[in-house]
Amino acid sequence: MRRDKKSRGDLLRFVVLDGVAKPGILDVPDTSLLFAAYQEIAS
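J.: Outline the pattern of salt bridges, listing residues and values.
T.: Once the charged atoms of two side chains with opposite charge are near each other, the side chains can pair. For the coordinates displayed, the defined rule picks out 1 salt bridge. For the salt bridge of Asp27 with Arg13, the shortest nitrogen-to-oxygen distance reads 3.6 Å. Taken together, the residues span a long stretch of sequence, with Asp27 in strand β3 (residues 22–27) and Arg13 in strand β2 (residues 11–19) at a distance of 14 residues. Note on Asp27: relative accessible area 44%, which makes it partly exposed.

See below:
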């Protein structure tokens with residue numbers, strides 16, 4: 001992921017929606033959140 005546009009250095013960053021038309025930045029998401037998200041889309 002080092003070459004991916006979602007990373008800055010060694011840190012992951014994601015654009016998330018905090019509400020309708022309210023984007024936000026999620027810096028360094030918790031590993032458990034990433035795992036749970038992957039489980040949702042992998043099933």
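J.: Can you explain the pairing of β2? Please cite residues and give values.
T.: Relative to β3, β2 runs antiparallel, the two sharing 6 bridges. Within β3, the residue paired with Arg13 across the bridge is Asp27. Hairpin remark: β2 followed by β3, antiparallel, with 2 residues in the connecting loop; positive phi at Ala21, about 60 degrees.

J.: Residues and numbers for the environment of Pro29, please.
T.: Tracing the chain through its elements places Pro29 in the loop between β3 and α1 (31–42). Among the residues examined, Pro29 registers a relative accessible area of 11% and is labelled buried. The contacts of Pro29, once residues within four sequence positions are left out, are Leu12, Phe14 and Leu34.

Basis of the calculations
- Counting of residues starts from 1 at the beginning of each chain's written sequence and follows it residue by residue.
- Where totals are concerned, whole chains, interfaces and linings use all residues; where local detail is concerned, this predicted model gives features only for residues with pLDDT of at least 70, and gives and counts side-chain atom pairs only at 80 or more.
- The side-chain quantities take in all heavy atoms of the structure and omit both hydrogens and water.
- Salt bridges are counted wherever a side-chain nitrogen of Lys or Arg sits within 4 Å of a carboxyl oxygen of Asp or Glu.
- To qualify as a helix, a DSSP run of H or I must reach at least 4 residues; to qualify as a strand, a run of E must reach at least 2; elements of each kind are numbered from the N terminus.
- Summary of the burial criterion: residues with accessible area below 20% of their type's maximum are buried, those above 50% are exposed, and those between are partly exposed, where the area comes from a 1.4 Å probe applied to protein chains only.
- Any two strands are treated as partners once DSSP identifies two or more bridges connecting them.
- Pairs of residues are marked as contacts when any of their non-hydrogen atoms sit within 4.5 Å.

By themselves, these figures tell us nothing about what the structure is for.
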